[in-house]
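# Coordinates in review
Letter by letter, the chains look like this.
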Amino acid sequence: NNADCNWIIAPTGAAAVHLTFTFLDIEWQYDLVSIYSCTTAACTSKTRLAALTGSTRTPASEPLLSQTSNTGYMLIHFESDTSIPRNGFAASWSLAVPPTPAPTPAPTPSSTGLTCNNCNSATCTTFTAATGSFTDGSTTTASYSNNADCNWIIAPTSASAVYLTFSRFYTEAIYDFVRIYSCPSGSPSPACLAASESLAPKRGAS
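The residue numbering used here restarts from 1 in each chain and proceeds along that chain's sequence as written. A pLDDT threshold of at least 70 governs which residues receive local features in this predicted model, and a stricter bar of 80 or more applies before side-chain atom pairs are shown or counted, although totals over entire chains, interfaces and linings include all residues. Side-chain descriptors were evaluated using all non-hydrogen atoms of the structure, hydrogens and water having been removed beforehand.

Let us look at the overall build of the protein. Working definition: helices are DSSP H or I runs of at least four residues, strands are E runs of at least two. Numbering for both runs from the N terminus. A count of helical and extended segments in the protein gives zero helices and eleven strands. The secondary structure elements of the protein, listed N-terminal to C-terminal, are β-β-β-β-β-β-β-β-β-β-β. The buried share of the protein, reckoned over its 206 residues, is 25%. Residue contacts are defined here by distance: any two heavy atoms, one from each residue, within 4.5 Å place the two residues in contact. Look at the contacts in the protein between residues 6 or more apart in sequence, and 71% of them connect residues 24 or more apart. With residues, only the protein chains shown are counted as cover, and all accessible areas are computed by Shrake-Rupley using a 1.4 Å probe. For the protein, the computed accessible surface area is about 13800 Å², with 52% contributed by carbon and sulfur atoms. When accessible area is computed with a 1.4 Å probe and restricted to protein chains, residues below 20% of their type maximum are described as buried, those above 50% as exposed, and intermediate ones as partly exposed.

Below is the structure:
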């Protein structure tokens, strides 16, 4: 009887605090569990989320059995009157920690090679950066040019291997080709143009 209890939940670094009641049985209307969302760990400024009374077995009380404070701070206050104590309540909490911010990606070099006619060893684009991207000038709504003949050489300084990934691919089956070659070590241009084809060409839509 005459209980007047406070619990503050303020986990370090929490983005939200979740409270779940596993049991509730207090005197209907005269005993009360109040749940607050606080702006700081001291909970001097707070907003009430719910006030629970009665029992989980008392439909008239319709207790809210789960509450969340999206500030990361929560206060639970229990008060009872002078008579008729019941079995009380039990609750547990969990928290959500804000995700670690993703690292800022390195800037991607501008796409090049948008003019693709009559490319030869003197005019082919050579990439020496560790990462990058390029296109044939097409977009999701515009096609590449007819009679295109384009070469791009990827020769990053001191690289032991080069990985190429296609983010979009759609060419005329049988008649248009993209060929990928592995070039002799230390000969990015023009010897790369005479290298052996190491990967099968991709034909058609993918």
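Let's shift gears to the pattern of salt bridges. Each reported salt bridge corresponds to a side-chain nitrogen of Lys or Arg within 4 Å of a carboxyl oxygen of Asp or Glu. Within this structure, the stated rule accounts for one salt bridge. As a salt-bridge pair, R86 and D25 come within 3.2 Å of each other at their nearest N and O atoms. Of the two residues, R86 sits in the loop between β6 (74-79) and β7 (88-96) while D25 sits in strand β2 (residues 16-25), which places them 61 residues apart along the sequence. Exposure remark for D25: the relative accessible area of 1% places this residue in the buried category.

Take the buried Ala, Val, Leu, Ile, Met, Phe, Trp, Tyr and Cys residues and link them wherever side-chain atoms come within 4.5 Å; each set so joined is a nonpolar core. Counting residues in hydrophobic clusters, the biggest one holds 13 residues, and the most contacted among them are L19, V33, I35, L52 and M74. Of all the secondary-structure elements, those providing two or more residues to this core are β2, β3 (32-38), β4 (46-52) and β6.

With that settled, the discussion passes to the sheet that holds strand β1 (residues 4-9). On the basis of which strands lie adjacent, the open sheet formed by four strands has the order β1-β6-β3-β4 and antiparallel pairing. This sheet does not close on itself; its edge strands, each paired only once, are β1 and β4. Averaged over neighbouring strand pairs, the angle between their axes works out to 20° when direction is ignored. Each pair of strands is called paired provided DSSP finds at least two bridges between the two strands. In the sheet, β3 pairs with β4 via six bridges, with the strands oriented antiparallel. Residue pairing for β4: V33 is matched across the bridge by L52. What counts as an axis is a line fitted to C-alpha atoms, over the stretch in contact for a helix, and the angles between N-to-C directions run from 0 to 180 degrees.

A word on the confidence of the model for the protein. Per-residue pLDDT for the protein has a mean of 75; in total, 70% of the residues score no lower than 70. pLDDT: the predictor's confidence for each residue, scored from 0 to 100. Considering only residues more than four positions removed or in separate chains, one finds that residues 58-63, a stretch of pLDDT under 50, has ten contacts. Across residues 194-206 the pLDDT falls below 50, and counting only partners more than four positions away or on other chains, this stretch makes 30 contacts in the model.

Note that D136 resides in the loop between β8 (125-127) and β9 (152-154). Given the relative accessible area of 29%, D136 is considered partly exposed.

Attention now moves to the side chain of E27. In this structure, E27 sits in the loop between β2 and β3. Two residue types count as positive, namely Lys and Arg, and two as negative, namely Asp and Glu; His and chain ends fall outside the count. Summary of buried charges: E27 has no salt-bridge partner, and the nearest side chain of opposite charge, R86, is 7.1 Å away. Residue contacts for E27: discarding those within four places in its chain leaves T53, G54, D81, S83, I84 and R86.

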